[in-house]
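Structural description and commentary
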Amino acid sequence: MRNFDERISISAKNYADALVKIVEDGVMTYNEVYDDLTAVQDILDMAPELSDVLKDPTVAFDMKVDIVNEIFKREVHEPIVNFLKILIEKKRFVEFSKIYAAYVNRLNKINNIQPVTVTSAIALTDEQKKGIAVKLEEKLKKQVQPRWNVDNGIIAGLIIKINDDVIDTSLKHKIDKISKDLLLK
């Protein structure tokens, strides 16, 4: 599943709750909703002009509904097509990406998954990645979903980001701290 670091509005969280309700009512499964939202987001990412039209307040509601029916009806389940129409009707389509992010965050909580970002100075081996992931899972008591980055500017060590928390064991961080301490004396 995708990781989302962006801030999510209360409105987006409320719409994500509505998507969870679709699952709780037995209409779709969590994964079906996720797959459909991902398909919509992928289409919007590939065709930004489509996204612009659906967000444009000067484009008629009926035209937007026709576009949604034409493009998404073959790609996603009917409840998600109807959900998109509601977003258009309520003039909230502009928040689709944040609603998607809020749903993914809810799904991660439901499944006890914790996305993390791990940045290292050099590319890690699969064995090193596995060892780091296992230690994080033991510490967090959750299934870890790591995203691996390489930044040779950190010189050595790791920077681990979990939600808004950052664990910085990089050599660059330690050097910066020593330099700052020396300047303060």
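As a reminder, the structure under discussion sits directly above these lines.
Here the structure is a predicted model, which is why all the values come from computation and not from measurement. (Residues numbered from 1 in each chain as written. Predicted model: local features only at pLDDT ≥ 70, side-chain atom pairs only at ≥ 80, totals over all residues. Heavy atoms only, no water.)

In this section: the sheet that holds strand β3 (residues 158-162). In space, the 4 strands of this open sheet follow the order β2-β1-β3-β4, with mixed pairing throughout. Edge strands, defined here as strands with exactly one partner in the open sheet, are β2 (143-150) and β4 (165-168). Recorded for the sheet is a direction-independent mean angle of 20 degrees between the axes of neighbouring strands. In the sheet, strand β1 (residues 113-120) pairs with β3 via 4 bridges, with the strands oriented antiparallel. Counterpart to Thr-119 in the pairing with β3 is Ile-159. (Pairing = 2+ DSSP bridges. Helix = DSSP H or I, 4+ residues; strand = E, 2+ residues; numbered from the N terminus. Axes fitted to C-alpha atoms, helices over the stretch in contact; angles between N-to-C directions.)

Counting through the fold element by element, Asp-36 comes out in helix α2 (residues 30-46). Here Asp-36 is buried and forms no salt bridge, its nearest opposite-charge partner Lys-73 lying at an N-O distance of 13 Å. A polar contact of 2.7 Å, which involves the side chain of Asp-36, links it to the side chain of His-77. Residues within four places of Asp-36 in sequence aside, it is in contact with Met-28, Glu-75, Val-76, His-77 and Ile-80. (Buried < 20%, exposed > 50% of the residue type's maximum accessible area, 1.4 Å probe, protein only. Lys, Arg positive; Asp, Glu negative; His and termini not counted. Salt bridge = Lys/Arg side-chain N within 4 Å of Asp/Glu carboxyl O. Polar contact = N/O pair within 3.5 Å; in protein donor to acceptor, adjacent residues only side chain to side chain. Contact = heavy atoms within 4.5 Å.)

The backbone phi angle of Ile-155 is positive, close to 70 degrees, even though this residue is not glycine. Although it is not a glycine, Asn-163 adopts a positive phi angle of roughly 55 degrees. Along the chain, Asn-163 falls in the loop between β3 and β4. Classification of Asn-163 as exposed rests on a relative accessible area of 52%.

Right, let's get into the pattern of salt bridges. For the coordinates displayed, the defined rule picks out 5 salt bridges. Here Arg-106 and Asp-17 are joined by a salt bridge, their closest N and O atoms 2.2 Å apart. Here the residue Arg-106 occupies a position in helix α6 (residues 96-110), and Asp-17 occupies one in helix α1 (residues 10-24), the gap between them amounting to 89 residues. In this structure Asp-17 comes out as partly exposed when scored by relative accessible area, which is 34%. Asp-176 is paired through a salt bridge with Lys-172; the nearest N and O atoms lie 2.9 Å apart.

Moving on to the packing of aromatic side chains. Summed over the entire model, instances satisfying the criterion amount to 4 aromatic pairs. Judged by centre distance (6.1 Å) and plane angle (75 degrees), the ring pair of Tyr-15 and Phe-83 falls under edge-to-face. Within this pair, whereas Tyr-15 is found in helix α1, its partner Phe-83 is found in helix α5 (residues 78-89), the two being separated by 68 residues in sequence. In this structure Tyr-15 comes out as buried when scored by relative accessible area, which is 17%. An aromatic cluster of three or more residues is present, and its members are Tyr-34, Phe-93, Phe-96 and Tyr-100. (Phe/Tyr/Trp six-rings, centres within 6.5 Å; stacked < 30°, edge-to-face > 60°.)

Moving on, we get to the nonpolar core. If you look at the biggest cluster of nonpolar residues, it comprises 36 residues, and the most contacted ones within it are Leu-19, Phe-72 and Tyr-103. If you list the elements that add at least two residues to this core, you get α1, α2, α3 (48-55), α4 (61-72), α5 and α6. The dominant element in this core, judged by the number of residues it contributes, is α6, at 8 residues. Not counting residues up to four positions away in its chain, the partners in contact with Phe-72 are Val-40, Ile-43, Leu-44, Leu-50, Leu-54, Val-81 and Leu-84. Ranked by size, the runner-up nonpolar core spans 9 residues in total, among them Val-116, Val-118, Ile-160 and Ile-162. (Core = buried A, V, L, I, M, F, W, Y, C linked by side-chain atoms within 4.5 Å.)

Moving on, we come to α4. A rise of 1.5 Å per residue sets the reference length of α4, with its 12 residues, at 16 Å; its end C-alpha atoms lie 16 Å apart and thus fit the reference within 8%. Among the residues of α4, those classed as buried are Lys-64, Val-65, Val-68 and Phe-72. Around the axis of α4, the buried residues are gathered within 100 degrees of arc, so they sit on the same side. Looking at α4, the residues exposed on the side facing more than 90 degrees away from the buried face are Asp-62, Asp-66 and Glu-70. On its buried face, α4 sits against α2, α3 and α5. (Expected span 1.5 Å × (residues − 1). Arc of directions from axis to C-beta.)

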